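Each chain is listed here by its residues.
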Amino acid sequence: MLARRLGRPIDRDVALDDIAFDPVGNPSRFAEVCMVVRRPTGNVLLSIKTFYPRDAYRLPTGGIDKDEPILEALLRETHEETGLDPEPRRFLAALTYRDGTSGPPVFHTFAFVLDDAEGGPVRALDEHEQIEAYREVPIAELPRVADRLDHIPADGAPGIPNWDAWGRFRAHVHRAVHDALP
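Residues numbered from 1 in each chain as written. Predicted model: local features only at pLDDT ≥ 70, side-chain atom pairs only at ≥ 80, totals over all residues. Heavy atoms only, no water.

1. Brief notes about the overall build of the chain
Reasoning step 1: In terms of regular secondary structure, the chain is built from four helices and seven strands.
Reasoning step 2: For the chain, the α and β elements follow one another from N to C terminus as α-β-β-β-β-α-β-β-β-α-α.
Reasoning step 3: Computed over its C-alpha atoms, the radius of gyration of the chain comes to 15 Å, within 12% of the 16 Å expected for a compact globule of 182 residues.
Reasoning step 4: The buried share among the 182 residues of the chain stands at 48%.
Reasoning step 5: When the accessible area of the chain is evaluated, it comes to approximately 8,800 Å², of which 51% is carbon and sulfur surface.
Reasoning step 6: In the chain, 22 side chains carry a positive charge and 31 a negative one; their mean positions are 5 Å apart. (Helix = DSSP H or I, 4+ residues; strand = E, 2+ residues; numbered from the N terminus. Rg over C-alpha atoms; globule rule 2.2 N^0.38 Å. Buried < 20%, exposed > 50% of the residue type's maximum accessible area, 1.4 Å probe, protein only. Areas by Shrake-Rupley, 256 points an atom, 1.4 Å probe, with all protein chains shown as cover. Lys, Arg positive; Asp, Glu negative; His and termini not counted. Charge placed at Lys NZ, Arg CZ, Asp CG, Glu CD.)

2. Some words on the pattern of salt bridges
Reasoning step 1: Inspection of every chain in the model, using the stated rule, returns 21 salt bridges.
Reasoning step 2: Its salt-bridge partner being Arg175, residue Asp147 comes within 2.8 Å of it at the nearest N-O pair. With Asp147 in helix α3 (residues 142-150) and Arg175 in helix α4 (residues 163-180), the pair connects residues that are 28 residues apart, well separated along the chain. (Salt bridge = Lys/Arg side-chain N within 4 Å of Asp/Glu carboxyl O.)

3. Section: the side chain of Arg98
Reasoning step 1: Position of Arg98 relative to the elements: it lies in strand β5 (residues 87-99).
Reasoning step 2: Of note is the side chain of Arg98, whose polar atom sits 2.9 Å from the side chain of Asp13. (Polar contact = N/O pair within 3.5 Å; in protein donor to acceptor, adjacent residues only side chain to side chain.)

4. Some words on the packing of aromatic side chains
Reasoning step 1: Across all of its chains, the model carries eleven aromatic pairs by this definition.
Reasoning step 2: Ring plane angle 65 degrees and centroid distance 6.4 Å describe the contact between Phe91 and Phe110, whose orientation is recorded as edge-to-face. A residue pair is termed long-range when its members are at least 10 positions apart, and Phe91 in strand β5 and Phe110 in strand β6 (residues 105-115) qualify at 19 residues.
Reasoning step 3: Overall, Phe91 belongs to the buried group, its relative accessible area being 7%. (Phe/Tyr/Trp six-rings, centres within 6.5 Å; stacked < 30°, edge-to-face > 60°.)

5. Let's talk about the nonpolar core
Reasoning step 1: Among the nonpolar cores identified, the biggest contains 38 residues, and Val36, Leu59, Leu92, Tyr97, Leu142, Trp166 and Val177 are the most heavily contacted of them.
Reasoning step 2: Examining the composition of this core, we find that nine residues originate from one element, α4, more than from any other.
Reasoning step 3: Setting aside chain neighbours within four positions, we find Trp166 in contact with Phe21, Asp22, Tyr52, Ala56, Arg58, Leu149 and Ile152.
Reasoning step 4: Ranked by size, the runner-up nonpolar core spans 18 residues in total, among them Ala31, Val33, Ala94 and Val122. (Core = buried A, V, L, I, M, F, W, Y, C linked by side-chain atoms within 4.5 Å. Contact = heavy atoms within 4.5 Å.)

6. Quick word on the environment of Val122
Reasoning step 1: Among the secondary structure elements, Val122 is positioned in the loop between β6 and β7 (131-137).
Reasoning step 2: Separated by 77 residues in sequence, Val122 and Leu45 place their C-alpha atoms 9.2 Å apart.
Reasoning step 3: Sequence-distant contacts of Val122, that is, excluding residues within four places in its chain, are made with Arg39, Leu45, Thr82, Leu84 and Tyr134.

7. Description of the packing of α3 against α4
Angle between the axes and distance between the axes: these two values describe a pair of packed helices.
Reasoning step 1: Taken N-terminus to C-terminus, the directions of α3 and α4 make an angle of 170 degrees; their axes are 7 Å apart at the nearest point. Here α3 is positioned roughly antiparallel relative to α4, judged by the angle of their axes. Residues Leu142, Pro143, Val145, Ala146, Asp147, Leu149 and Asp150 of α3 touch α4, and the partners they reach there are Trp166, Gly167, Arg168, Arg170, Ala171, His174, Arg175, Val177 and His178.
Reasoning step 2: For the contact of α3 with α4, the per-class residue count stands at eight nonpolar, three polar and five charged. (Axes fitted to C-alpha atoms, helices over the stretch in contact; angles between N-to-C directions. Parallel < 35°, antiparallel > 145°, perpendicular 65-115°, else oblique. Nonpolar A, V, L, I, M, F, W, Y, C, P; charged D, E, K, R; others polar.)

8. Overview of α3
Reasoning step 1: Here α3 has its buried residues at Leu142, Val145, Ala146 and Leu149. Across the axial projection of α3, the buried residues extend over an arc of 100 degrees, all falling on one side. (Arc of directions from axis to C-beta.)

9. Things to note about α4
Reasoning step 1: In a regular helix each residue adds 1.5 Å, so 18 residues correspond to 26 Å; α4 covers 27 Å between its end C-alpha atoms and thus fits that length.
Reasoning step 2: Of all the positions in α4, only Trp163, Ala165, Trp166, Gly167, Phe169, Arg170, Ala171, Val173, His174, Ala176, Val177 and Ala180 are classed as buried.
Reasoning step 3: Where α4 is buried, its residues touch β1 (10-16), β2 (31-38), β4 (61-63), β5, β6 and α3. (Expected span 1.5 Å × (residues − 1).)

By themselves, these are just geometric observations and shouldn't be taken as functional.
This is the structure in structure tokens:
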């Protein structure tokens, strides 16, 4: 139904070498939405949380609640994390992650482009998100964002012993979004 309404996404099957980090290793999570908020300039919004390794800006994502429709999760999470109510335009990518090359799916990311025609101020409405800052980048910059995420050291910040695995996981959606957008 989403593909009929918002276009057929790129489908990617991704083997992960480590799944012992949130959100993938969290048994209460099964999927997330990735919010590609396109600002009036054409640039897309990245965010960083207070506890992330420095310069680990990335496309915002948010969890899908049990039994919550994907589009409802997208609108709710976009509003909570940015304070914006942009219009969903395209279903860009559907990523399925596996533990290694042959295991069953362990997590999913669904990426959508949302057009923020008004360009209002961006601010997290949910303080529990711990969003520290936002940055806007051209779509052409997303492969470089993915490369930075791919090279986060394991001890990139306190609190998670395998930031490197988290960064490699996060890099995949940036490349898929870049490939899906002109």
